[in-house]
Amino acid sequence: MSILTLKSVQKDFGIKEILKEATFSLEEGDKVGLIGTNGSGKSTLLKIIAGLEPIDGGEFWVNSGAKIVYLPQQPDLDENCTVLEQVFANCGEQMALIREYEEISHKLAHNSQETDNLMSRLSAVTQQIETLDAWALETNAKIVLSQLGIENFDAKIGDLSGGYRKRIALASGLLSEPDALLMDEPTNHLDAISVEWLQTYLNRYSGALLLITHDRYFLDKVTNRIIEIDRGDLYHYSGNYSYFLEKKAEAEVSDISSQKKHAGVLRRELEWLKRGPKARSTKQKARIDRIQEMQNKEFRQAQVKVEISTASRRIGKKVIELENINKAYENRVLIQDFTYIFNPQDRVGIIGKNGAGKSTLMNIITGRITADSGTVDIGPTIHFGYFDQHSEDLLINENQRVIDYLKDVAELVKTADGSVITASQMLERFLFPPNQQYAPIHKLSGGEKRRLFLLQVLMSAPNVLILDEPTNDLDVQTLGVLEEYLEDFNGCVIVVSHDRYFLDRTVDTIFALEEGGNIKQYPGNYSVYLDYKKAAEEKEKESQTQVASQNNKQSKKSKNTQTKQSNKLTFKEKYEYKDLEEKIPLLEAEKEQLEATLYNNPPTDFSEMQTLTERLSQLVEEIDTATERWLELAEKES
């Protein structure tokens, strides 16, 4: 059954036509990946479905009663709420029942005059809570938040960073259990471990998904359909990302073949037409009409790709030398005694949990912050290109025109092949057409801003390229081109990323930041690092098993020795054993009587109710303890 449907939807922002005749439906259980170049309209389409953006034409309707939750890149949260309060905000009926239960309990505790009515309502609310399994809500919320790297559940939203807010919004959306979940770059600001967990969670998720993400492994594992937005048109593929790539490649080959065949037939027909046939017969008229149709036929043009072709400068033998670097904030050690000498062709990937110190290490290398101790020695020929994950430099003046922003670096650009082109031509290679080049920066989408910032960094011709979360907000097409560029880049590359696919394509050494400021080095890309970790974990597990086995043998030996020494009950233990045999049945009888009272004829007085409930809990604990001791003595007696 369809949850929502778009039919011939149109959307135009003036300088760009976002959607021409967009038609698609989201069915129950669908897990759809939405892909396209930055600025193609992916986020706009999600906003239309979420009801935040109007359409200019066509039809859009949502199935009556369907619950749709939208998770934007920059969520709008209540800064006065705590983490748990914000997470519960979308939990609807479950949270309302828990709050009502707490309010009734509070009134009963303060000797309300409406005891009978309140007890009746408390019983009804309790039954509803159990039916909806709402008691598990808080537990589930804490599990989800912990998996997303959030431990302080009472922190105020206003005190948290943008990355933490994004994760809280994500947790809130997952726990609200909507019919359709719309997610715009859900893996941004998540470390690799959290991404793995989210991937597993969404694989089990029963609702429909429509998501935008640059994470190609994530797309491959989570989605069962792909929708591509290309110049206002939607193209549908019934499979995951790998299937999409395969079918798209086949379609492009087929399109090229069809266009060549069409061009050949049209050329022959035009030559016939030039000979001046007399359009007297019906056949000749039909042929002339067919030629006219062939001339007017439009083919889907191959998608234009970003062209990265910037020059780099010479790099000397000495690049970056770090010796005994230490850095701590308050009492938290981020980097401890780290030493490394970077080589001219190093490809280093830096990984670790959020807050582990990855960006801190980058900032120490580039001189943005100073280490507490140790030395940083930079080679005399080194010129850094720093692609900051926050693009803070770009946001200084969002009213500046795109082309002026680039001209601040250079008006003429030398490309990798030695030719010189204008800033405007370079912008076109980065998919900024002339009408966008003279628009203010704030008119660009988030991804387009990131692409512009990347161009500005590369135009400075660096020989050490530092990429801090480069995959955030860049489309998969641009990432593919960037990966190819880095293969041929004549210099040192240092990457901080949680994107497993990008790391596998670009690095040959991994720095893993661990607790206590320890930085471990692993040869190979991210997948090789995972193999090392898995092997180490298996070895550790095997070692623990051997230790446990040895301890078990020693314990059995000791126990056998003790048994031989004394396998009979002492006089005191015999008395205790006999006493327990008489005591346990009495406790169980009292428990049964108390349960019957609470179930069949509960007291109306809240304090009496509370006393009986506490006694029942105490009895359960006493019976368990007494039974365990009786079994221990019985084994010894035998």
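From a predicted model like this one, the values you see are computed outputs, not experimental measurements.

1. Quick notes on the overall build of the protein chain
- When helices and strands are counted, the protein chain shows 20 helices and 20 strands.
- Put simply, the protein chain has 638 residues, and 44% of those count as buried.
- In the protein chain, the proportion of contacts linking residues at least 24 apart, taken out of those at least 6 apart, comes to 69%.

2. Thoughts on the sheet that holds strand β7 (residues 208–212)
- Across the sheet, which stays open at both edges, the six strands sit in the order β5-β6-β7-β3-β8-β9 with mixed pairing between neighbours. Among the strands making up the open sheet, the edge pair consists of β5 (68–71) and β9 (233–237). Each adjacent strand pair in this sheet contributes to an overall mean axis angle of 15 degrees, direction not counted.
- Of the pairings in the sheet, the one linking strand β3 (residues 31–35) to strand β8 (residues 225–230) comprises four bridges and is parallel in character. Its bridge partner being in β8, Val32 is matched across the sheet by Arg225.

3. Observations concerning empty space enclosed by the protein
- The final tally for this structure, using the stated rule, is two cavities of 30 Å³ or more.
- In this structure, the largest cavity occupies an estimated 40 Å³ of space.
- Every residue along the wall of the largest cavity is listed here: Ile35, Gly36, Lys42, Glu185, Ile212, Thr213, His214, Leu474, Asp475 and Val476.
- The residue makeup of the lining of the largest cavity, split by class, is four nonpolar, three polar and three charged.
- As a volume, the second largest cavity reaches approximately 30 Å³.
- In terms of lining residues, the second largest cavity is bounded by Leu71, Pro72, Lys166, Leu170, Met183, Asp184 and Pro186.
- For the lining of the second largest cavity, the secondary-structure elements that each account for two or more residues are α6 (162–175) and β6 (180–184).
- The residue makeup of the lining of the second largest cavity, split by class, is five nonpolar, no polar and two charged.

4. Quick look at the packing of helix α5 (residues 136–147) against α6
- Contact geometry for α5 and α6: axes closest at 10 Å, N-to-C directions at 140 degrees. As judged from the angle between their axes, α5 and α6 are oblique. Seen from above, α5 lies across α6 with right-handed handedness. Only Ala171, Leu174 and Leu175 of α6 make contact with α5, whose side of the interface consists of Asn140, Ala141, Val144 and Leu145.
- When the residues that make up the contact of α5 with α6 are grouped by side-chain class, the tally is six nonpolar, one polar and no charged.

5. With respect to the side chain of Thr471
- Along the chain, Thr471 turns up in the loop between β17 (464–468) and α16 (476–488).
- With residues up to four places along the chain from it excluded, the contact list for Thr471 reads His214, Leu479, Ser497, His498, Asp499 and Phe502.

6. Regarding the nonpolar core
- Counting residues in each nonpolar core, the largest one holds 54 residues, and the members touching the most others are Leu174 and Leu202.
- With six residues, α6 is the single largest residue contributor to this core.
- Setting aside its immediate chain neighbours within four residues, Leu202 contacts Lys31, Leu174, Met183, Leu209, Phe218 and Val222.
- Phe387, Ile441, Leu486 and Ala512 belong to the second-largest nonpolar core, a separate cluster that totals 45 residues.

7. Observations regarding the packing of aromatic side chains
- Throughout the structure, instances matching the rule amount to 14 aromatic pairs.
- When the centroid spacing of 5.5 Å and the interplanar angle of 75 degrees are considered together, the rings of Phe338 and Phe511 count as edge-to-face. You can see Phe338 sitting in strand β11 (residues 332–342) and its partner Phe511 sitting in strand β19 (residues 509–513), a full 173 residues away along the chain.
- Residue class for Phe338 comes out buried when judged on its relative accessible area of 3%.
- Pairing Tyr485 with Phe489 gives two aromatic rings, centres 5.9 Å apart and planes at 45 degrees, and the pair type is tilted. Each member of the pair, Tyr485 as well as Phe489, is classed as buried.
- Taken together through their ring pairs, the aromatic side chains of Phe338, Tyr340, Phe342 and Phe511 make up a single cluster.
- Just above the ring of Tyr164 sits the side chain of Arg167; from NZ or CZ to the centre is 4.1 Å.
- Sitting above the plane of the Phe432 ring, Arg451 keeps its charged end 4.9 Å from the centroid.

Analysis parameters
Residues numbered from 1 in each chain as written. Predicted model: local features only at pLDDT ≥ 70, side-chain atom pairs only at ≥ 80, totals over all residues. Heavy atoms only, no water. Helix = DSSP H or I, 4+ residues; strand = E, 2+ residues; numbered from the N terminus. Buried < 20%, exposed > 50% of the residue type's maximum accessible area, 1.4 Å probe, protein only. Contact = heavy atoms within 4.5 Å. Pairing = 2+ DSSP bridges. Axes fitted to C-alpha atoms, helices over the stretch in contact; angles between N-to-C directions. 1 Å grid on protein atoms, 1.4 Å probe; cavity = no way out; pocket = protein on both sides within 12 Å on 5 of 7 lines; lining within 4 Å. Points joined across faces, edges and corners; volume = space filled by probe spheres on them. Nonpolar A, V, L, I, M, F, W, Y, C, P; charged D, E, K, R; others polar. Parallel < 35°, antiparallel > 145°, perpendicular 65-115°, else oblique. Left-handed = near helix turned anticlockwise from the far one by under 90°. Core = buried A, V, L, I, M, F, W, Y, C linked by side-chain atoms within 4.5 Å. Phe/Tyr/Trp six-rings, centres within 6.5 Å; stacked < 30°, edge-to-face > 60°. Lys NZ or Arg CZ within 6 Å of the ring centre and 35° of its normal.

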